[in-house]
Amino acid sequence: MSTRVSSATNLSATYFMRNFYSNNRDAMKSSKRKEYSITAYDDSTALHRAAKKLKNYKYSDDENTDNIRGTVMALVDTYNNSIDSASNSSSSSMKRYAKQLKKLAGKYSDELENIGITINKDDTLKANEELVKKADADTLNSLFGNDNDFTSSLYRVSRQMSSSSYDDYYTSLRAGSNINLTV
């Protein structure tokens, strides 16, 4: 999916993913994810950035619609990464946050489906890029805008998840655990 910014430059949804994973871009690549033990922090931080970006868009500005769609596509991948890393974490708090994210997506499954996002059996999201491209600004605003519960809740849970995963990471460091870091 390509998006347009005000300079008429076309960007792919990957641009947004790189932006959300700016602290550790390798964490967004499936081939690199298994090499790192701190992906829950990277994923939850990226999810928080995606939710914040969606909250701050001006949905009435037609120039933003393609950017919003690209951000939505990146959000789906970031959400799935967050579910994966939190569910596979040894931390009970991460597992609890994964359940909260799944419950939130389930609560808004009809609204998500209206723009082409469905929930898989494993509670990850799947976006139909063609349907997301067809979603208009009003429909996107009704789900992702600043005053809407879905994005506000996603923003809050991802912030809590990021903070908790950082605390887990710091505790592991203090305990002398081996943690693989990106340099």
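Residues numbered from 1 in each chain as written. Predicted model: local features only at pLDDT ≥ 70, side-chain atom pairs only at ≥ 80, totals over all residues. Heavy atoms only, no water.

Trainee: Got a sec to walk through the side chain of H48? Specific residues and values, please.
Mentor: Here H48 shows up in helix α3 (residues 39–56). Under the relative-accessibility criterion, H48 is labelled buried at 17%. A polar atom in the side chain of H48 sits 3.4 Å from the side chain of S158. Excluding residues within four positions of it along the chain, H48 makes contact with Y155, S158 and R159. (Helix = DSSP H or I, 4+ residues; strand = E, 2+ residues; numbered from the N terminus. Buried < 20%, exposed > 50% of the residue type's maximum accessible area, 1.4 Å probe, protein only. Polar contact = N/O pair within 3.5 Å; in protein donor to acceptor, adjacent residues only side chain to side chain. Contact = heavy atoms within 4.5 Å.)

Trainee: Can you explain the packing of helix α1 (residues 13–20) against α3? Please cite residues and give values.
Mentor: It is at 8 Å that the axes of α1 and α3 come closest, and there the two elements cross at 120°. Put simply, α1 runs oblique to α3. For the pair α1 and α3, contact is made by F16, N19 and F20 and by A46, R49, A50 and K53, respectively. Classifying every residue of the contact of α1 with α3 by side-chain character gives 4 nonpolar, 1 polar and 2 charged. (Axes fitted to C-alpha atoms, helices over the stretch in contact; angles between N-to-C directions. Parallel < 35°, antiparallel > 145°, perpendicular 65-115°, else oblique. Nonpolar A, V, L, I, M, F, W, Y, C, P; charged D, E, K, R; others polar.)

Trainee: Tell me about the environment of S22, and please be specific about residues and values.
Mentor: Here S22 lies in the loop between α1 and α2 (30–33). Residue S22 is classed as partly exposed on the basis of its relative accessible area, which comes to 39%. Taking the C-alpha atoms as reference points, S22 and R49, 27 residues apart in sequence, are found 10.0 Å from one another. Within the local environment of S22, its side chain forms a polar contact with the side chain of R49, the two groups lying 3.1 Å apart.

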